[in-house]
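Read off the chains here:
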Amino acid sequence: MAILPILEAPDPRLRAISKPVDAVDSKLRALIADMFETMYDAPGIGLAAIQVGVEKRLLLMDLQETEDEEGKPIRNPRVFINPELYDPSEEHSVYSEGCLSVPEQFADVERPATIHARWTDGDGKAHDEKLEGLLATCLQHEMDHLDGILFIDHLSRLKREMILKKLQKAKRAKAA
Ligand code: GNR
Ligand code: NI
């Protein structure tokens, strides 16, 4: 297992359109294990393959919403292979989103509140479910990554450029 480097905006590789996964083989399972290790280490609640430089329609999520008696998060890892969204609700909800590829920046993003999704999981099982709440928000954020879209693309140009400038400044401060 390995923690993989996460690509950060404005890296052009984040703009790629990812390609469908054709087989859930041992190589893909090894990538999934490395991606989970990377996501938990970050820490984040979702991770798309393109964020670690792999152009595949594969993403992971663990909202880590549940805790045991000691307040430790109970892991609920989910794997989405070749996911598709349909029938978004007319009702929208707003969530303050962040992204591991846009580190330490947060902004309100409006998206359909509920959405239907079809996907294959890590065991090769097909799913077709209606999702709501943070699960719906996070899946839409991750699906955007598969099409080269970042949450900042949903903001006004002014807000997007402010965030990109802050990222640039933080990178310069780290290099100095
Ligand atoms: O860790 C993450 N938190 C988050 C918060 C609100 C909406 C979406 C997310 S996903 C993000 C991890 C990430 O960048 N996934 O692509
Ligand atoms: Ni993201």
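A brief look at the structure comes next. (Residues numbered from 1 in each chain as written. Chains lettered and ligands numbered in written order. Predicted model: local features only at pLDDT ≥ 70, side-chain atom pairs only at ≥ 80, totals over all residues. Heavy atoms only, no water.)

## Regarding the coordination of the nickel ion (ligand 2)
Piece 1. The coordination sphere of the nickel ion (ligand 2), as far as protein atoms go, consists of C99 (SG), H141 (NE2) and H145 (NE2), spread over 2.1 to 2.3 Å.
Piece 2. The motif formed by the donor residues of the nickel ion (ligand 2), counted along the single chain, is C-x41-H-x3-H. Placement of both H141 and H145 in helix α2 (residues 133–146) is noted, with a separation of 4 residues, approximately one turn of the helix. We note that H141, like H145, is buried. (Donors = N, O, S within 2.8 Å, 3.2 Å for Na, K, Ca; no water. Helix = DSSP H or I, 4+ residues; strand = E, 2+ residues; numbered from the N terminus. Buried < 20%, exposed > 50% of the residue type's maximum accessible area, 1.4 Å probe, protein only.)

## Observations concerning the pairing of strand β2 (residues 58–61)
Piece 1. Side chains L58 and L60 project from β2 onto one buried face, and the interleaved L59 and M61 project onto a second face that is buried too.
Piece 2. Pairing geometry for strand β1 (residues 46–48) and β2, over 3 bridges, is antiparallel. Looking at the pairing, A48 lines up with L59 of β2. (Pairing = 2+ DSSP bridges.)

## Regarding the site of ligand 1
Piece 1. Neighbouring residues of ligand 1: 13 residues in total, closest I45, Q51, L100, E142 and H145.
Piece 2. Here an oxygen atom of ligand 1 sits 3.0 Å away from a polar atom, N or O, in the main chain of I45.
Piece 3. Relative to its unbound accessible surface of 390 Å², ligand 1 loses 92% to contact with the protein.
Piece 4. In this structure the site holding ligand 1 corresponds to the largest pocket.
Piece 5. Broken down by secondary-structure element, the contributors of at least two residues to the shell around ligand 1 are β4 (92–99) and α2.
Piece 6. Among the elements that line the shell around ligand 1, the one with the most residues is β4, at 5 residues. (Near = heavy atom within 4 Å. Polar contact = N/O pair within 3.5 Å; in protein donor to acceptor, adjacent residues only side chain to side chain. Areas by Shrake-Rupley, 256 points an atom, 1.4 Å probe, with all protein chains shown as cover. 1 Å grid on protein atoms, 1.4 Å probe; cavity = no way out; pocket = protein on both sides within 12 Å on 5 of 7 lines; lining within 4 Å. Sits in = over half its atoms within 2 Å of the grid points.)

## A word on the packing of aromatic side chains
Piece 1. Tallied over the entire structure, the rule returns 2 aromatic pairs.
Piece 2. Seen from their ring centres, F36 and Y40 are 5.9 Å apart, and the 20 degrees between their planes marks the pair as stacked. Here F36 pairs with Y40, and both are found in helix α1 (residues 26–41), just 4 residues apart, close to one helical turn. Neither residue differs from the other here; F36 and Y40 are each classed as buried.
Piece 3. A ring pair is formed by F80 and W119, whose centres lie 4.6 Å apart and whose planes are at 40 degrees; its orientation type is tilted. (Phe/Tyr/Trp six-rings, centres within 6.5 Å; stacked < 30°, edge-to-face > 60°.)

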